[in-house]
2 protein chains.
Amino acid sequence: MEKLSIIKIGGNIIEDATSLAAFLTLFSNLEGKKILVHGGGKRATHVASKLGIKSKLVAGRRITDAETLEVITMVYGGLVNKNIVAKLQALNTNAIGLTGADSNSIQSEKRAVKEVDFGFVGDIKKVASNSINRLIKADFTPVFCAITHDGKGQLLNTNADTIASQVAIGMSQHYETSIYYCFELNGVLKDINDKKSVVKKINANTYQELLADGIIADGMLPKLENCFDALSNGVSKVIMGNTSILTKENDNFTTITL
Amino acid sequence: MEKLSIIKIGGNIIEDATSLAAFLTLFSNLEGKKILVHGGGKRATHVASKLGIKSKLVAGRRITDAETLEVITMVYGGLVNKNIVAKLQALNTNAIGLTGADSNSIQSEKRAVKEVDFGFVGDIKKVASNSINRLIKADFTPVFCAITHDGKGQLLNTNADTIASQVAIGMSQHYETSIYYCFELNGVLKDINDKKSVVKKINANTYQELLADGIIADGMLPKLENCFDALSNGVSKVIMGNTSILTKENDNFTTITL
């Protein structure tokens, strides 16, 4: 089975022009078929604030109301995505920027209102892996932003980590698929204050120990849940670390297995 | 040769939700292979103004400075394009939203500074008709916004009428290509105050007469120049009128021939 790499980059890489340029060069040099997934970073918050739209938080969690969704669509789907695509073209990577609505690639449903109404947030229901594969077979490199659609005309804000894992699960029908979660750390750290304390391997058993020890907590928790979800559903390999995990020189990162 | 229809819609259609919905239904129902090209309308001006960015005009012509380009990328490439794509998906049209950077489809060069420095405005240099055709062959319906790229990482603001005509010229290597310019009028009018005074047929000879009579002037002039450029370079048919030119009921529109 042919290999496919799905690389997800976080906000910190996107916000810094130098980091982004360095990453895009690494991504372009990566051999084989590949997909990029990017979050939006703080840019959307900046634009929203300039437009006089206040961040709405309920129980510490952000709410995507109609005007916030407009900003997200402008910033993630327009400004960030299209500039990444233009820069990848300059590096001879034939990128094509997508939301989940484009080529109907990722359908989601608006999150049901329980204690909190998150607004226009979508939980992924279906990845059209055949559609995405038609783009890849046509020699394009898909670049996804963190937006999906409900199939009824509504765009929805969707977590980029989850987009990466769900697209990877879908694509594992066609390819031997790996996910590379790139962020500002070298991987999962035993001690958050010691950058070198990378947990090199995590499997389902050691994951439980890390949870019990409080080493995996906060934002890392949903990330790891996504990893195990992907591995349990056909994805071959998940790696977390800084952007140099895309090179062969780096051997200091976290590999997650079942 | 198989037929391909390229439909361009202007700002007035995009700005009004009812008009847009009605148009998108007509577009979805249109048989055969097709491409949509849309301008941005006044939405970009509104967002720019809310962000405190003032429109810069030199000799009555708009200048696209760096921050205006950002707004255009957000509004045309994000907000307008992605909402159109989501709405087309709801109508079972497998749309894919594109700038000229996506799939490297339209390369342009930054307009040279002569009397006026227009800023980040691109004049089209090359349409990658093979790339666009790979998308069409993969059963996607391209939806272009009015942004191109220079191949060196820079996005550029580009006139949507010209995108329609240049894409049509490129695609006429692969298809018998028609352009439908949809706008608020029924076509070219003999008397701008009489909506019914449609000039039904214009050819190169009558065009000169209409020019001499001042019937074609202002904004209509570059539109017509685009039409004749397209027809001189392989495009089969150019039609101008309101959105009902996409139906068979309407016979009140302007057809342009050589």
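Before reading further, recall that the structure is shown in the block above.
Heads up: these notes are all about the structure in this document. (Residues numbered from 1 in each chain as written. Chains lettered and ligands numbered in written order. Predicted model: local features only at pLDDT ≥ 70, side-chain atom pairs only at ≥ 80, totals over all residues. Heavy atoms only, no water.)

1. Quick look at the environment of Lys223 of chain B
Residues and elements named next belong to chain B. Short version of the rule: The helix and strand labels rest on DSSP assignments: H or I over at least four residues marks a helix, E over at least two residues marks a strand, and numbering proceeds from the N terminus. Exposure classes here rest on a 1.4 Å probe applied to the protein chains alone. A residue is buried below 20% of its type maximum, exposed above 50%, and partly exposed in between. Residue contacts are counted whenever heavy atoms from the two residues lie within 4.5 Å of one another. N or O atoms within 3.5 Å of each other form a polar contact, as long as, within protein, one can give a hydrogen and the other can take it, and as long as residues adjacent in sequence are counted only when both atoms are side-chain atoms.
For Lys223, the position within the fold is in helix 8 (residues 220-232). Here Lys223 falls in the buried class, since its relative accessible area comes to 14%. Along the backbone, Lys223 and Thr162 are 61 residues apart, and their C-alpha atoms lie at a distance of 8.1 Å. Those residues in contact with Lys223 that sit more than four places away from it in its chain are Lys8, Asp161, Phe183 and Met240. Looking at Lys223, its side chain comes within polar contact range of the side chain of Asp161, at 3.0 Å.

2. Some words on the relation of the copies chain B and chain A
What counts here: Least squares is the method for superposing the copies, and the C-alpha atoms it fits come from residues with pLDDT of at least 70 in both.
For the pair chain B and chain A, the relating rotation is 180 degrees, the translation along its axis is 0.0 Å, and the fit reaches an RMSD of 0.0 Å. Look at the turn and shift together and you get a two-fold axis relating the two. Both copies contact each other with a shared surface, as 100% of the interface residues of chain B are interface residues in chain A too.

3. Quick look at the packing of aromatic side chains
We describe a pair of aromatic rings using the distance from one ring centre to the other and the angle between the two ring planes. Residues and elements named next belong to chain A. Just so we agree on the cut-off: Between rings of Phe, Tyr and Trp, where Trp is taken as its six-membered ring, a pair exists when centres lie within 6.5 Å; planes separated by under 30 degrees are stacked, by over 60 edge-to-face, and by other angles tilted. Remark: a charge is flagged as sitting over a ring if the NZ atom of Lys or the CZ atom of Arg is within 6 Å of the ring centre and within 35 degrees of the ring normal.
Here the structure, examined in full by the defined rule, presents 4 aromatic pairs over all chains. When the ring of Tyr207 is compared with that of Phe228, the centres are 4.7 Å apart and the planes differ by 40 degrees; the resulting orientation is tilted. Pair noted here: Tyr207 is in helix 7 (residues 204-212) and Phe228 is in helix 8 (residues 220-232), with a separation of 21 residues, a long-range link. Look at Phe228 and you get buried, because its relative accessible area is 10%. When the ring centre of Phe120 is taken as reference, the NZ or CZ atom of Lys110 above it lies at 5.2 Å.

4. Looking at the environment of Val58 of chain B
With respect to the secondary-structure elements, Val58 of chain B resides in strand 3 (residues 56-58). Once residues within four sequence positions are removed from consideration, Val58 of chain B is found in contact with Ile63 and Val116 of chain B.

5. Quick notes on unusual backbone geometry
At Asp139 of chain A, a position not held by glycine, the phi torsion is positive, near 75 degrees. For Asp139 of chain A, the position within the fold is in the loop between helix 5 (129-137) and strand 8 (141-144).

6. Quick word on the pairing of strand 11 (residues 176-182) of chain B
All names here are of chain B. Put simply, the test is: Two strands qualify as a pair provided DSSP detects at least 2 bridges between them.
With 6 of 7 residues buried, strand 11 lies mostly within the body of the structure. Pairing geometry for strand 1 (residues 3-9) and strand 11, over 7 bridges, is parallel. Residue pairing across strands places Lys3 opposite Glu176, the latter belonging to strand 11. Inspection of the sheet shows strand 11 paired to strand 13 (residues 237-241) by 5 bridges, in the parallel sense. What sits directly across from Ser178, in strand 13, is Lys237.

7. Some remarks on the sheet that holds strand 13 (residues 237-241) of chain A
Residues and elements named next belong to chain A. Spatially, 5-8-2-1-11-13-14-12 is the arrangement adopted by the 8 strands of the open sheet, whose pairing is mixed. Each of the sheet's edge strands pairs with one partner strand only, and the pair in question is strand 5 (95-98) and strand 12 (201-202). Inspection of the sheet shows strand 12 paired to strand 14 (residues 254-256) by 2 bridges, in the parallel sense. Each residue of the ladder has a partner; that of Lys201, found in strand 14, is Thr255.

8. A short note on the sheet that holds strand 2 (residues 33-38) of chain B
All names here are of chain B. Let me state the cut-off plainly: Comment: axis = line fitted to C-alpha atoms, over the contacting stretch for helices; angle = value between 0 and 180 degrees taken between N-to-C directions.
As summarised here, the arrangement of the 8 strands in space is 5-8-2-1-11-13-14-12, forming an open sheet in which the pairing is mixed. In the strand order of this sheet, the two ends are held by strand 5 (95-98) and strand 12 (201-202), each with one partner. Note that strand 5 and strand 8 (residues 141-144) share 4 bridges and pair parallel. Bridge pairing in strand 8 links Ala95 to Thr141. Seen against the sheet, helix 4 (residues 66-90) touches strand 2, strand 5 and strand 8 and runs at an angle of roughly 175 degrees to strand 5. Packing against the sheet, helix 6 (residues 160-171) makes contact with strand 1, strand 2, strand 8 and strand 11, and its axis sits at approximately 170 degrees to strand 11.

9. Observations regarding the packing of helix 2 (residues 17-29) of chain B against helix 4 of chain B
All names here are of chain B. The condition is simple: Roughly parallel means an angle under 35 degrees; roughly antiparallel, over 145; roughly perpendicular, 65 to 115; everything else is oblique. Each crossing gets its handedness from the near helix: less than a right angle anticlockwise from the far helix is left-handed, clockwise is right-handed. As a working rule, the residues Ala, Val, Leu, Ile, Met, Phe, Trp, Tyr, Cys and Pro are called nonpolar, Asp, Glu, Lys and Arg charged, and the rest polar, with Gly in that last group.
Two numbers describe how helix 2 lies on helix 4: the axes approach to 10 Å, and their chain directions differ by 55 degrees. Relative to helix 4, the element helix 2 lies oblique. Crossing angle aside, the handedness with which helix 2 passes helix 4 is right-handed. Packed against helix 2, whose contacting residues are Leu20, Leu24, Phe27 and Ser28, the element helix 4 presents Ile84, Lys87 and Leu88 at the interface. Of the residues assigned to the contact of helix 2 with helix 4, the class counts are 5 nonpolar, 1 polar and 1 charged.

10. Considerations on the packing of helix 6 (residues 160-171) of chain A against helix 8 of chain A
Residue and element names in this part refer to chain A. Closest axis-to-axis distance for the helix 6/helix 8 pair is 9 Å, and the angle between their directions is 5 degrees. Taken together, the axes of helix 6 and helix 8 lie roughly parallel to each other. Of the residues in helix 8, those in contact with Asp161, Thr162, Ser165, Gln166 and Ile169 of helix 6 are Lys223, Asn226, Asp229 and Ala230. Within the contact of helix 6 with helix 8, the residues separate by chemical class into 2 nonpolar, 4 polar and 3 charged.

11. Some words on the interface of chain B and chain A
For clarity, the cut-off: By convention, the term buried area covers the 1.4 Å-probe accessible surface removed from two parts as they join, with the contributions of both added. A carboxyl oxygen of Asp or Glu within 4 Å of a side-chain nitrogen of Lys or Arg is what we treat as a salt bridge.
Taken together, the contact between chain B and chain A spans 39 residues of the former and 39 residues of the latter. Interface of chain B and chain A: buried area, both sides summed, is about 3000 Å²; carbon and sulfur atoms make up 65% of it. Of all residues in chain B, Met74, Lys82 and Arg134 of chain B give up the largest surface area on contact with chain A, accounting jointly for 18% of the area buried on that side. The interface formed by chain B and chain A holds 4 salt bridges in total. A salt bridge links Glu70 of chain A to Arg43 of chain B; the shortest N-O distance between them is 2.9 Å. The interface formed by chain B and chain A holds 13 residue pairs in polar contact (both at pLDDT 80 or more) in total. Of all the secondary-structure elements, those providing two or more residues to the side of chain B that touches chain A are helix 3 (43-50), helix 4, strand 5 and helix 5 (129-137) of chain B. Top element by residues in the side of chain B that touches chain A is helix 4 of chain B. It accounts for 14 residues. Residue classes in the side of chain B that touches chain A are distributed as 16 nonpolar, 14 polar and 9 charged.

12. As for the pattern of salt bridges
Residue and element names in this part refer to chain B. Counting across every chain of the model gives 18 salt bridges over all chains. One salt bridge in this structure joins Lys33 and Glu2, with 3.7 Å as the shortest N-O distance. Placement of Lys33 in strand 2 and of Glu2 in the segment before strand 1 is noted, with a sequence separation of 31 residues between them. Classification of Glu2 as partly exposed rests on a relative accessible area of 42%. One salt bridge connects Lys56 with Glu67, and the closest N-O pair in it is separated by 3.5 Å. Residue Lys56 is found in strand 3, and its partner Glu67 is found in helix 4; the two are separated by 11 residues along the sequence.

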